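An overview of the molecular structure
Below, each chain spelled out in residue letters.
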Amino acid sequence: MAGTGLPLALSLGDPAGIGPEIAVAARASGRITQPFFAIGDGRALGESAVPIADPAETAQAWQYGVPVLERPCPAPIVPGHPDTANAHAVIDWIETAVGLVHAGKALALVTNPIAKKVLYDGAGFSHPGHTEFLGALAGGVQPVMMIAGPNLRVVPVTIHIPLTEVPRALTVDLIVETARITAEGLRRDFAIPAPRLAIAGLNPHAGEGGAMGREEIETITPAVERLCALGLDVTGPLPADTMFHVEARRGYDVALTMYHDQGLVPVKALDFDEGVNVTLGLPFVRTSPDHGTAFAIAGQAKARSDSLIAALNMAARMGAARAGQAPALV
């Protein structure tokens, strides 16, 4: 394990979910490449919590347990039973973590899962999810969500919206900007100098020449042409049902899909335990395990920490890469 350099900041997520227990398991696994400190209520970490006053104390505290900057919840923490009274605390943990990364006290941000409805009901949370909230905290930038696993990377162009709204939400500008940010992120944070992007169609058979929809003709193809004119290596629109087999995946570095499940179903089928949610387009590195709060198994010693371990190690690699080079802009 790397014992030098800045630590990673981990916001604990909903304390009634599996976030705290997988944080404990990740630290105990011996597979973490860079120490992290948690931001949250140490009660959720049990005997593994080692209170610290400053992130600079992380390396020393690491040998004893999970270093934690204490930010207590107002209500009791009961695994599997989220409490809206703790919603403001969960939001504060995220904001605090972002502030520490901005201040240069942490190398990167890793976020454990939140329950959006709890935040909606308890704190009037106004964002569709973590990704959009972090974009707002970064000054209103457009964030891009990428799910990255050992076998596949996917970027959904539209994310947390109803399926019925996808055709109206898709625009040439949205596809172009999403692809541009994605290519920049792969160059800057993943050391891929000339990223290859595969763009999915929206309709079955990529519209089959307009027989099954015109979005490919009127929106997706013009976006692909514009991206090629920018010098990016882009192919599409491609039929989504033939994009994800082994041979097809060898032809690209990332797949851009038109809606959430079109991309997340294949990546979770291939890399469920090791998938990482990466936010591209931010002025800091952010990753997250690619699963939810799992209230149904919280506190039962059933949760696996593999995705969090992958997220922590990916954040360490991305943070080190970003610290060592200037961003490469499209």
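In case you missed it, the structure is sitting above this.
Residues numbered from 1 in each chain as written. Predicted model: local features only at pLDDT ≥ 70, side-chain atom pairs only at ≥ 80, totals over all residues. Heavy atoms only, no water.

1. Structural notes on the overall build of the chain
A count of helical and extended segments in the chain gives eleven helices and twelve strands. When burial is assessed residue by residue, the chain has 52% of its 330 residues classed as buried. Of the contacts made within the chain by residues no fewer than 6 positions apart, 74% connect residues no fewer than 24 positions apart. Of the roughly 13,500 Å² of accessible surface on the chain, a fraction of 54% belongs to carbon and sulfur atoms. Taken together, the 23 basic and 32 acidic charged side chains of the chain have centroids lying 4 Å from each other. (Helix = DSSP H or I, 4+ residues; strand = E, 2+ residues; numbered from the N terminus. Buried < 20%, exposed > 50% of the residue type's maximum accessible area, 1.4 Å probe, protein only. Contact = heavy atoms within 4.5 Å. Areas by Shrake-Rupley, 256 points an atom, 1.4 Å probe, with all protein chains shown as cover. Lys, Arg positive; Asp, Glu negative; His and termini not counted. Charge placed at Lys NZ, Arg CZ, Asp CG, Glu CD.)

2. Details of the packing of aromatic side chains
Tallied over the entire structure, the rule returns three aromatic pairs. Pairing F36 with W62 gives two aromatic rings, centres 5.0 Å apart and planes at 80°, and the pair type is edge-to-face. Placement of the pair is F36 in strand β2 (residues 36-40) and W62 in helix α2 (residues 58-62), with a sequence separation of 26 residues. For the residue pair F36 and W62, the accessibility class agrees, reading buried in each case. Among the aromatic side chains, those forming a connected cluster through ring pairs are Y120, F125 and F133. In this arrangement the basic side chain of R27 is found over the ring face of W62, its NZ or CZ atom lying 5.9 Å from the centre. (Phe/Tyr/Trp six-rings, centres within 6.5 Å; stacked < 30°, edge-to-face > 60°. Lys NZ or Arg CZ within 6 Å of the ring centre and 35° of its normal.)

3. Section: the packing of helix α7 (residues 172-190) against helix α8 (residues 215-229)
The contact between α7 and α8 brings their axes to 8 Å, and the two run at 40°. It follows that α7 is oblique to α8 by the angle criterion. Our pair here, α7 against α8, has a crossing hand that is right-handed. Between α7 and α8, the residues in contact are V172, D173, I175, V176, A179 and R180 and E218, T219, I220, P222, A223, R226 and L227, respectively. Its residues placed into classes, the contact of α7 with α8 shows eight nonpolar, one polar and four charged. (Axes fitted to C-alpha atoms, helices over the stretch in contact; angles between N-to-C directions. Parallel < 35°, antiparallel > 145°, perpendicular 65-115°, else oblique. Left-handed = near helix turned anticlockwise from the far one by under 90°. Nonpolar A, V, L, I, M, F, W, Y, C, P; charged D, E, K, R; others polar.)

4. Focus on the layout of surface pockets
Its boundaries defined by the atoms lining it, the largest pocket holds a volume of some 360 Å³. Forming the walls of the largest pocket are 20 residues, and the residues nearest its centre are K116, H160, N277, H291 and G292. Taken as a whole, the second largest pocket holds about 210 Å³ of empty space. Along the wall of the second largest pocket there are 15 residues; nearest its centre are E132, P143, V157, T158 and I159. Looking at the lining of the second largest pocket, the elements that each hand over two or more residues are α5 (130-137), β6 (144-148) and α7. (1 Å grid on protein atoms, 1.4 Å probe; cavity = no way out; pocket = protein on both sides within 12 Å on 5 of 7 lines; lining within 4 Å. Points joined across faces, edges and corners; volume = space filled by probe spheres on them.)

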